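Fold and geometry: a report
Given next are the chains, with one letter for each unit.
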Amino acid sequence: MSDRDTGGAEVVLRLSGITKRFGALLANDAIGFDLRRGEVIALLGENGAGKTTLMNILFGHYTADAGTVEVFGQPLPPGHPRAALASGVGMVHQHFTLADNLSVLDNILLGTRSLFSPSLGNAAARARVSRLAQDFGLAVHPDARVGSLSVGERQRVEILKALYRDARILILDEPTAVLTPQETTALFATLKKAVALGLSIIFISHKLGEVMEISSRVLVLRHGKLVGEVETARTDRHRLAEMMVGAEIAAPKVAERVPGPALLTLKGVETARRGNAPRLKGVDLELRAGQIIGLAGVSGNGQSALAALIGGLESPTQGRMDLAEDDGVDWSPRSALAAGIARIPEDRHRTGTVADFSLTENAILESYARAPMSRRGWMDWRAAEGFARRIIETYDVRCPGPSARIRLLSGGNMQKLILGRVLEAAPRIILANQPVRGLDIGAVTFVHNRLIAARDAGAAVLLISEDLDEVTALSDVIHVIYEGRLSPGFPRGTKTPAELGLWMAGQGFGEAGHAA
Amino acid sequence: MRLEPIANPTLARRIVLPAVALALTVIAASFLALLAGANPFATLGLILSGAVGSKFALLETLNRATPLIFTGLAAAVAFRARLWNIGAEAQLYAGAAVTVILGTGALGLPAALLLPILALAAMLAGAAILLGPVLLKTRLGVDEVVTTLLFNFIMLLFVSYLLEGPMKDPMGMGWPKSAALIPEARLPRIVTGLRLHWGFALALLAAVAVWVIQTRTTLGYEIRAVGLNAEAARFAGIPVNRVMVKTALLSGGLAALAGFSEVAGLKGNLTLDLSPGFGYAGIIVAMLALLNPLGVVLSALFVAGVFVGADSMSRAAAVPTYIADILTATALLTMVLALRLTHARVRWR
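Figured I'd write up the structure that's included with this text. Numbering of residues starts from 1 in every chain and runs along the sequence as written. To label them, take the chains in the order written and letter them from A, then take the ligands in the order written and number them from 1. It should be noted that, the model being predicted, local features are given only for residues of pLDDT at least 70 and side-chain atom pairs only at 80 or more, the latter also being counted only at that level, while totals for whole chains, interfaces and linings use all residues. For the side-chain quantities, the full set of heavy atoms in the structure was used; hydrogens and water were omitted.

A few words now on the overall build of chain A. The numbering of helices and of strands both runs from the N terminus, where a helix is a DSSP run of H or I of at least 4 residues and a strand a run of E of at least 2. Within chain A, the regular secondary structure consists of 17 helices and 22 strands. Our radius of gyration looks at C-alpha atoms and nothing else; its globule reference is 2.2 Å times the residue count to the power 0.38. Scaling as 2.2 N^0.38, a compact globule of 516 residues should have a C-alpha radius of gyration of about 24 Å, and chain A matches this with 25 Å. Each principal axis of the C-alpha atoms in chain A carries an extent, and together these give about 70 × 55 × 50 Å. Classification of the 516 residues of chain A by burial places 51% in the buried group. Whether two residues touch is decided by their heavy atoms; if any such pair falls within 4.5 Å, the residues are in contact. Partitioning the contacts of chain A with sequence separation of at least 6, the portion at a separation of at least 24 is 68%. Positive and negative side-chain charges of chain A, numbering 58 and 56 respectively, have mean locations separated by a distance of 3 Å. Only protein chains enter the accessibility calculation, which uses a 1.4 Å probe; a residue is then buried when its area is under 20% of its type maximum, exposed when over 50%, and partly exposed in between. Only four residue types enter the charge count: Lys and Arg as positive, Asp and Glu as negative, with His and the chain ends excluded. All charge positions are set by atom: Lys at NZ, Arg at CZ, Asp at CG, Glu at CD.

Laid out in structure tokens, this is it:
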């Protein structure tokens, strides 16, 4: 039996009629499918389509309102991750569940034996881990502390953890979201070995290229429903995209444009260390009018520090930060706003909005202290509501009205309100930190088009994103950030994704000193 | 178990749940009365009539509510910004002490001038007491629950020292009490002959003022933003620490007015038993009102009524006044739970 021809293979997992509600939201609507031995199923769908919910039900984190899960013909009791583990289901979560202060081996053994067993890391276990690592091509040192590993290595530990527990069914939730292109290739090699050894894999993703490459069958989820099931060999990216969003999507069009003068210049900028996040080291950056600068990089390489710096939350400890019209004031969120910097924060729930404030109150969060929103300390709620109504209309924010609490809105509509709030101030510089994370495709297109329109109107846009495709599609110039250092700027089309991937993995930084 | 939010609770839900809370409170009280060997219905009847059954009782309740409105507002203002001021007791005594220091002859002014000066001085003293803890919080991250709470004991001991030493009334027969306020420093009665003084009107005015600040001013907007999501507030450019300090000054000033009003309106001098825990009761008042300044007036009247009614009841029946503490505590717990459940449904798995 080859790993592609699985038509007659034994069914290892059967989901039928899985339904799950969260309040008014129907997250999963009577979903059912079979997984056979030795195949890779891709579960494709936009953010919020219900992929993660479905897998959490399968693994026992959630209890379904209706429906059953059968593993190797045996029904799985709902709500017991331990039962799922025991029956051979292993899950690699989007956010890793590893103890940073323990070694790789201890992390793998954790929970597999009694807490009071005398020697946690005995020779037999070590040998088994080494053998698994070799068989599956998961190179990682068993005695390394997990805290010191890279994201890609941590993912290998997660996979080893599942394999050590004799997982026969592996669920990978958005495994490539945090990987460089090279790490992704390595992961796919591992998965192919696993399938050849008879494992079955459910691969959750919203990236079409990866789905086409790794899977033998594709299940498409949309708004909690299973809307399509096709053999990967009989479809293409285009048709999958259509199935996923229900309509064809157009790539954003960015017309050529001659950049204007520099609006913000960083020269040799360093910032202070904050917790575990890397600080900026000798960063040179120039934001020019009418240009989108893309910042590519694997998550946690100093993106937050750069965003905090430009957003006014941090000041440089060394180096210069010059605005086109520098007035030499203390650097703060207010002075950033006064300098015409619009800030779209990375986390719209925690830093972008006040959940229990109304849309009106959220709309004026950055402008409440000035006329017309307030005069001499007295609020003008009429003006504030008028402003909120204008944003709701211009930016197509779907909501019950300006007095509704913003926590009732979907992520996309929340983001549109934030977008309206910052763009209505006619900014000269736009700091867009992960502006489309977690949005559906309709909202993604909307946000991208607004950013392009602002750039065409002469604003300088700094786009920070972990999605390399997004960065390459939109940016006029791309910098790669790695451990707080910035690569030189690469103009559009001068570097292939693979070359950028090498920079994202740190190549090119060593010999160049700081950002040559 | 988890809670599922209800977007628009029905009218029935809004009425029935608080009613159930009230019923549970009454049942708890009845049970205690039974334990004490009294007839529960008679006990509750006596509490009710003792609180609002006569003109005298009603005025007594209003008098007792006055300091509770001030301390309730102090807690409500601070808690909105997530500034946990547990030190209203200290601020109250600071206000009272300053009122006595300036109001026993140090300033010889007509009442129309002296009273506003005393009120203002008291507010400044209360604000100053809270300034230390709030600066420790914003500068060094010291937990204000601990510092404000400990300040209560420091202040009480300090007042005790004042009353045994420099402020001791030479005519006081050796009792630890201050000299009496001069007549110009006394808050007049609202209606001649009745015990209710202008402090109550001042308290109502303060409640309206706090409501206006919270809903109509930029400071109120800042306070609410900081309390609901300090990280988003800081990101948006709201000066979070400065807002904290302003909130503290307002809160401390309000608590100090309770001391001013008790001394100038009711007692006429300062003793160590000026406050039977008004500062702490203010927290209950504020929570019961869900931090709404106008609601604080209502919940202060309720708490005051229970205490005044229980005092009167215990004189008539052989049930200890401690029942009042239990009644207010039960009312707080059940009411907060009821209001939470008005907007959410419990799901067992």
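The next subject is the pairing of strand β20 (residues 477-482) of chain A. Residues and elements named next belong to chain A. Most of β20 is tucked away: 6 of the 6 residues are buried. Across the two faces of β20 the burial is the same, with V477, H479 and I481 and I478, V480 and Y482 all buried. For two strands to pair, DSSP has to find at least two bridges joining them. One ladder, built from 4 bridges, connects strand β13 (residues 291-296) with β20; its direction is parallel. Each bridged residue has a counterpart across the sheet, and for L295 the counterpart in β20 is H479. Sheet topology places β20 next to strand β22 (residues 490-491); 2 bridges connect them, and they run antiparallel. Looking across to β22, one finds that I478 is bridged to F490.

What follows concerns the sheet that holds strand β10 (residues 225-231) of chain A. All names here are of chain A. Reading across from one edge, β6-β7-β8-β3-β9-β10 is the order of the 6 strands in this open sheet, with mixed pairing throughout. Looking at the sheet topology across the chains shown, the edges are occupied by β6 (89-92) and β10. Sheet twist, expressed as the average angle between the axes of neighbouring strands with direction ignored, equals 20°. Where strand β9 (residues 217-222) lies against β10, 6 bridges are found, and the strand directions are antiparallel. Each residue of the ladder has a partner; that of L219, found in β10, is E229. Every axis corresponds to a line fitted to the C-alpha atoms, with the helix fit spanning only the stretch in contact, and the corresponding angles, defined between N-to-C directions, vary from 0 to 180 degrees. Lying over the sheet, helix α6 (residues 181-196) contacts β3 (40-44), β7 (169-173) and β8 (200-205), oriented at roughly 150° with respect to β8.

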